[in-house]
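Remarks on the overall topology
Single-letter residue listing:
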Amino acid sequence: MPENPYRQIEKGEAGRIGWRIHYLEEIDSTQRAGRELASGGAAAGTVVIAERQTAGRGRLGRSWHSPAGVSLYSTTILRPKMPLAKVPQISLMAGLAAADAIARVAPGLVALKWPNDLWLKGRKTGGIIAEAVTDDKGELETVLLGIGINVNLSANDLPEELRERATSIRIATGRVCDRIEVADSLFSSLDSRYMELLASGFTPMRPAWERYSALTGKRVAIVNGGRRVEGTVRGVDDEGALMLDLGARLERIVAGEVSVEGAYA
Ligand code: BTN
């Protein structure tokens, strides 16, 4: 086993996020490793971090570029007592926690593109995936919350096809930062926001989420399944759905891929 550089930031009582951090030098995906640990009985709050992923997974079946030594690839095991339909609120909450953590090293630059892309200067620096595991009655058992943040990646670490759309904290600020510190802020913010979500739902964190929103006031097109709608974003509601102004009426969008006029999408 490689030495675990994240052991120094493990904290809190059993069950709190980040109380135990497993560290792997290389794995296909921390989502798979987390799923295996969870099915073996790992407690809620356990985190898996890999130095490098050979098959990092993004949302919508995409891959997540995961070179060694420059970024943060983590999966957190959660066992929330909530209906399956509320799992998207976990990823919104995680987006907010990650934005707060990134804002500490890149103040004033972070934005959230609904539902949970993390942007710096209009390019993607991080992403979130929440995979639900259900029991044989179809009830929510575990959520595998995957967070990828490009920390010290340089433009040369990015494949050609990502250079226009992706960035990192280092590219955006011109400064190399300590990944352990970023991880420490991330898991602390995640732990407190998660507790807040369990106790009071998304509503109290909605204003904080809105302050980071890259889309509010923007004209966007949203594709979900075969359907495409265009409108102006008016914000998110108490459940975290996107409120889209279609002119004649407001539509509540609960899922979909958003493209923004005049910006990378
Ligand atoms: C997205 O924006 O599409 C979500 C990206 C999520 C990437 C992270 S990296 C750590 C964890 N392991 C994975 O395979 N994916 C997530």
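Residues numbered from 1 in each chain as written. Predicted model: local features only at pLDDT ≥ 70, side-chain atom pairs only at ≥ 80, totals over all residues. Heavy atoms only, no water.

One finds Tyr6, Leu72, Ile90, Trp114, Ile149, Phe187 and Leu190 to be the most contacted residues of the largest nonpolar core, which totals 65 residues. With twelve residues, helix α2 (residues 87-105) is the largest single contributor of residues to this core. Inspection of this core shows a minimum of three residues originating in each of domain 1 (7-211) and domain 2 (215-260). Excluding residues within four positions of it along the chain, leucine 72 makes contact with Tyr6, Ile49, Ile147, Gly148, Ile149, Val151, Val182, Ala183 and Leu186. Within the second largest apolar cluster, five residues are counted, among which are Ala38, Ala42, Ile77 and Val133. (Core = buried A, V, L, I, M, F, W, Y, C linked by side-chain atoms within 4.5 Å. Buried < 20%, exposed > 50% of the residue type's maximum accessible area, 1.4 Å probe, protein only. Helix = DSSP H or I, 4+ residues; strand = E, 2+ residues; numbered from the N terminus. Domains from an automatic or database assignment. Contact = heavy atoms within 4.5 Å.)

Turning our attention to unusual backbone geometry. Going from tryptophan 114 to proline 115, the amide bond is cis rather than trans, its omega being 5°. With respect to the helices, strands and loops of the structure, proline 115 is situated in the loop between β4 (110-113) and β5 (117-120). You will see that lysine 121, though not glycine, has its phi angle at about 50°, which is positive. Mapped onto the fold, lysine 121 is located in the loop between β5 and β6 (123-134).

With respect to the helices, strands and loops of the structure, valine 233 is situated in strand β9 (residues 227-236). Taking the relative accessible area as the measure of exposure, valine 233 reaches 1% and is therefore buried. Aside from chain neighbours lying at most four places away, what touches valine 233 is Leu215, Thr216, Gly217, Lys218, Val220, Leu242, Met243 and Leu244.

Most of strand β2 (residues 46-53) sits out of view: seven of its eight residues are buried. Note that strand β1 (residues 20-27) and β2 share seven bridges and pair parallel. Opposite tyrosine 23, over in β2, you have isoleucine 49 as the bridge partner. Handedness of the crossover joining β1 and β2 through helix α1 (residues 30-39) is recorded here as right-handed. Judged from the four bridges that link them, β2 and strand β3 (residues 71-78) form a sheet pairing that is antiparallel. Bridge assignment links valine 48 to a residue of β3, and that residue is threonine 75. (Pairing = 2+ DSSP bridges. Right-handed = clockwise from strand over helix to strand, strands pointing away.)

Take the sheet that holds strand β12 (residues 257-260) next. Strand pairing in a sheet is mediated by backbone hydrogen bonds. Such pairs are either parallel or antiparallel. Ordered in space as β11-β10-β9-β8-β12, the five strands form an open sheet in which the pairing is antiparallel. Edge strands, defined here as strands with exactly one partner in the open sheet, are β11 (250-253) and β12. Mean inter-strand twist for the sheet, computed between neighbouring axes without regard to direction, equals 45°. Alignment of β9 against strand β10 (residues 242-245), held across four bridges, turns out to be antiparallel. (Axes fitted to C-alpha atoms, helices over the stretch in contact; angles between N-to-C directions.)

Turning our attention to helix α4 (residues 179-200). For an α-helix, 3.6 residues make a turn, and residues three or four places apart therefore share a direction. The end-to-end C-alpha separation of α4 is 31 Å, in line with the 32 Å expected for 22 residues at 1.5 Å each. The N-capping residue of α4, defined by a side-chain oxygen 2.8 Å from the backbone nitrogen of isoleucine 180, is aspartate 178. Just downstream of α4 lies glycine 201, where phi reads positive at about 80°. (Expected span 1.5 Å × (residues − 1). Polar contact = N/O pair within 3.5 Å; in protein donor to acceptor, adjacent residues only side chain to side chain.)

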